[in-house]
Amino acid sequence: MIEAMPEPDVADLLTVAQAMAVIDAAEVEPQVARVPLSEARGMRLAEALTADRDAPPFHKSQMDGYAVRCADVASASRDTPVLLKVVGEIPAGSAAHRELQSGEAFAIMTGAPMPVGADGVVPVEETRRRGSEESGEQGEVSVEAAAVRGRYVAPPGSDVRAGEVVLKRGVLLEAAQLAVAASVGAAFVPVFTRPRVAVLSTGDELVPVDRTPGEHQIRSSNNAMLVALLAKMGCEVVDLGTARDTPEEIGGAMEEALASADVLFVSGGMSMGTRDYVPRMIRELGFVVQVSKLRIKPGKPFVFATRTQQHSMVTLAEPRANGSRTAVVWGHKYIFGLPGNPVSAFVCTIRLASRLLVRLAGGVPVEKWLSGKLEQGLGPNGTREFYQPVVWTPAVGGAGGGSNRSEFATVTAMTWKGSADIYTLAAANAFLVRVENEPPLGKGTLVRVLEI
């Protein structure tokens, strides 16, 4: 059984739930732009999209076969087929040249409009063609099954009616949603822009990835991790590298980043040491610290700070007064101060900071939880909410596929080696979130895990 380490007193620290409430209460102003549909993947709609016409816009054949009058083939069977004269062919994108008469059939392709006079389709598999098209003759078709009125025919508007909402405001535009937008002619779409985010690490001990560290140095890993994580969350990310442990360099880098970024992520320098300058610089830049230190493991030295500032002066039209007025537009800036240890920074970003980023992008925070049974027992948890790296494994189904059913999935807890252990983090695909002072969990206990 994996045992938890003893915890210090945490009575004066905010809980994760309290910190979430603070972050969720922060005012946000998602920005809107119209972008080409080809550039909209991963963004959210700022306005609902409606159908510009019925879909399909006509009675559409859903099969390759023959458009017929159902009354003509009501008695058709394999033993007593009905012979019809083929008077033409209707490929998708074309229309019949005339109305269908009794005793006739049009060859028709999937997606093509039904000819006037036809009320059913006989699939090609239920027919036999006679005659040669190469000779210029359409020939005849032997129908070996009765057609049912309306079968294999999609009426106009059966998918969607003109004016009907096809994509709601706030929906994330991925492959299927982009197809819907294209189908209604949305060559340009109104979207919430991607949050502009900057990433800065601090610490004299850090060197770039392409340099050989000195005896007491390490390569910087937080920037690569956070840039990838934030880009995956739909942000437009700038990597600012590493600032040395001086208030001048840290403050200058932070101020420069905030000139263009909406959100700044700073890792390292968050604790109470003599060289932990970041909290001080946050305040000197005019930010109000909303969250400082959490009852969480890993991630205790976490900071969330906000600043409201005059963003720009704009001229607003006043149609009723036949004039205009000048107004001040106020902008919001945010700083997330993350612990220097990478697992701590990862946990705080996906559990807490992500909630603000989703709202800035026009969405609503939604976490993805999975369930499974513990493969081994776990000891009692301490006084902080603990994020145990785990491997969540779906059960293999009878046909070799996976099953997400919680009674079959398994959760394998990985050995906790501390908040700097990126190697264990890289092998995990979820966190088992253990509540404060949770009692031991036995093998086979059904638990929830947070997918990462």
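Structure first, text after, so check above.
These notes cover the structure that comes with them. Position numbers for residues start from 1 in each chain and track the written sequence from start to end. Where local features are concerned, this predicted model is filtered to residues with pLDDT of at least 70; where side-chain atom pairs are given and counted, the filter is 80 or more; whole-chain, interface and lining totals use all residues. Working from all heavy atoms in the structure, the side-chain values ignore hydrogens and water.

## Quick word on the sheet that holds strand 9 (residues 127–130)
DSSP calls a pair of strands paired once it identifies at least 2 bridges connecting them. A run of DSSP states H or I qualifies as a helix once it reaches four residues; a run of E qualifies as a strand once it reaches two. Both are numbered from the N-terminal end. An order of 8-5-7-6-10-9 is seen for the six strands of this open sheet, with the pairing classed as mixed. Pairing within the sheet leaves two strands with one partner each, and these edge strands are strand 8 (120–123) and strand 9. Put simply, the sheet's adjacent strands are angled 40° from each other on average, direction ignored. Across four bridges, strand 6 (residues 82–90) lies against strand 10 (residues 140–143) in antiparallel orientation. In the sheet register, Leu-84 faces strand 10, and the bridge partner there is Val-141. Geometry is summarised by axes, namely lines fitted to C-alpha atoms with helices restricted to the contacting stretch, and by angles between N-to-C directions that run from 0 to 180 degrees.

## Points about the pairing of strand 23 (residues 369–374)
In terms of strand pairing, strand 23 meets strand 29 (residues 446–451) through five bridges, oriented antiparallel. Within strand 29, the position partnered with Leu-370 by the bridge is Val-449. As judged from the two bridges shared by strand 23 and strand 27 (residues 410–413), these two strands associate in the parallel manner. By the bridge assignment, Lys-373 is partnered in strand 27 with Thr-410.

## Remarks on the layout of surface pockets
Cavity: a set of points on a 1 Å grid over the protein atoms alone where a 1.4 Å probe fits but cannot get out. Pocket: an open set with protein on both sides within 12 Å along at least five of seven lines, its lining residues, like those of a cavity, having an atom within 4 Å of a point. Grid points are joined across faces, edges and corners, and a volume is the space filled by probe spheres set on the points. Put simply, the largest pocket is a space of about 910 Å³. Lining the largest pocket are 29 residues, and of these Lys-232, Met-233, Ser-354, Val-358 and Val-366 sit closest to its centre. When contributions to the lining of the largest pocket are tallied by element, the ones reaching two or more residues are helix 3 (222–232), helix 6 (342–360) and strand 29. With seven residues, helix 6 is the single largest residue contributor to the lining of the largest pocket.

## Comments concerning the side chain of Asp-72
With respect to the helices, strands and loops of the structure, Asp-72 is situated in the loop between strand 5 (65–68) and strand 6. Residue exposure (1.4 Å probe, protein chains only): buried if accessible area is under 20% of the type maximum, exposed if over 50%, otherwise partly exposed. His residues and chain termini do not enter the charge count, which takes Lys and Arg as positive and Asp and Glu as negative. The term salt bridge refers to a side-chain nitrogen of Lys or Arg lying within 4 Å of a carboxyl oxygen of Asp or Glu. Here Asp-72 sits buried without a salt bridge, and the closest side chain of opposite charge, Arg-69, lies 5.0 Å off (N-O distance). A polar side-chain atom of Asp-72 sits 3.0 Å from a polar atom in the side chain of Ser-102. With near-sequence residues (within four places) excluded, Asp-72 lies in contact with Val-82, Leu-84, Gln-101, Ser-102, Gly-103 and Glu-104. By the criterion applied in these results, polar contacts are pairs of N or O atoms within 3.5 Å in which, for protein atoms, one can donate a hydrogen and the other can accept it, and in which residues neighboring in sequence qualify only through two side-chain atoms. In this analysis, two residues are considered to be in contact whenever any of their non-hydrogen atoms come within 4.5 Å of each other.

## Concerning the nonpolar core
We call a set of buried residues a nonpolar core when its members are Ala, Val, Leu, Ile, Met, Phe, Trp, Tyr or Cys and they connect through side-chain atoms within 4.5 Å of each other. If you look at the biggest cluster of nonpolar residues, it comprises 41 residues, and the most contacted ones within it are Val-263, Phe-265, Phe-302, Phe-304, Phe-336 and Leu-356. The set of elements that each furnish at least two residues to this core consists of helix 1 (16–25), strand 14 (196–202), helix 3, strand 18 (263–267), strand 22 (323–338), helix 6, strand 24 (385–393) and strand 28 (430–434). Examining the composition of this core, we find that eleven residues originate from one element, helix 6, more than from any other. Look past the residues within four positions of Val-263 in its chain and what remains in contact with it is Arg-196, Val-197, Ala-198, Tyr-334, Phe-336, Leu-356, Leu-357 and Leu-360.

## Focus on empty space enclosed by the protein
Scanning the entire structure with this criterion turns up one cavity of 30 Å³ or more. Counted as a void, the largest cavity has a volume near 30 Å³. Forming the boundary of the largest cavity are Val-343, Pro-389, Thr-415, Trp-416, Lys-417, Gly-418, Asp-421 and Thr-424. Under the convention adopted here, Pro, Cys and the residues Ala, Val, Leu, Ile, Met, Phe, Trp and Tyr are nonpolar, Asp, Glu, Lys and Arg are charged, and Gly plus all remaining residues are polar. Split by residue class, the lining of the largest cavity holds three nonpolar, three polar and two charged.

## Some points on unusual backbone geometry
Negative phi is the rule for most residues except glycine; trans is the rule for most peptide bonds. Residues Ala-55 and Pro-56 are joined by a peptide bond in cis, for which omega reads -5°. A cis amide bond links Lys-297 to the next residue, Pro-298, at an omega of -5°. Its location among the elements puts Pro-298 in the loop between strand 20 (296–297) and strand 21 (303–318). In this structure, Tyr-152 takes a positive phi of about 65° despite not being glycine. If you trace the backbone, Tyr-152 turns up in the loop between strand 10 and strand 11 (153–154). The backbone of Lys-293 sits at a positive phi, close to 75°, despite the residue not being glycine. One can find Lys-293 in the loop between strand 19 (288–292) and strand 20.

## Description of the pattern of salt bridges
For the structure on display, the rule yields 14 salt bridges. In this structure, the salt-bridge partner of Arg-280 is Glu-284, at a minimum N-O distance of 3.1 Å. Within this pair, Arg-280 and its partner Glu-284 are both found in helix 5 (residues 278–284), separated by four residues, close to a single helical turn. Accessibility expressed as a relative area gives 43% for Arg-280, which makes it partly exposed. By relative accessible area, Glu-284 is classed as exposed at 52%.

## As for the sheet that holds strand 2 (residues 44–45)
Spatial ordering of the open sheet is given by 1-13-2, a layout of three strands whose pairing is antiparallel. Sheet topology places strand 1 (32–36) and strand 2 at the edges, where each strand pairs with a single neighbour. Note that strand 2 and strand 13 (residues 188–192) share two bridges and pair antiparallel. Across the sheet, residue Leu-45 finds its bridge partner in strand 13, namely Val-191.

## Some remarks on the side chain of Thr-202
By the element assignment, Thr-202 lies in strand 14. Separated by 3.2 Å, the side chain of Thr-202 and the backbone oxygen of Gly-268 make a polar contact. Those residues within four positions of Thr-202 in sequence are excluded, and the remaining contacts are Thr-242, Ala-243, Asp-245, Ile-250, Val-266, Ser-267, Gly-268, Gly-269 and Val-278.

## Some details on helix 3
Restricting attention to buried positions, one finds in helix 3 the residues Asn-222, Asn-223, Met-225, Leu-226, Leu-229 and Leu-230. Viewed end-on, helix 3 has its buried residues packed into an arc of 160°, placing them on one side of the element. Residues of helix 3 that are exposed and angled more than 90 degrees away from the buried face: Ala-224 and Lys-232. Gly-234 lies just past helix 3 and shows a positive phi near 95°. This arc corresponds to the set of directions leading from the helix axis out to the C-beta atoms.

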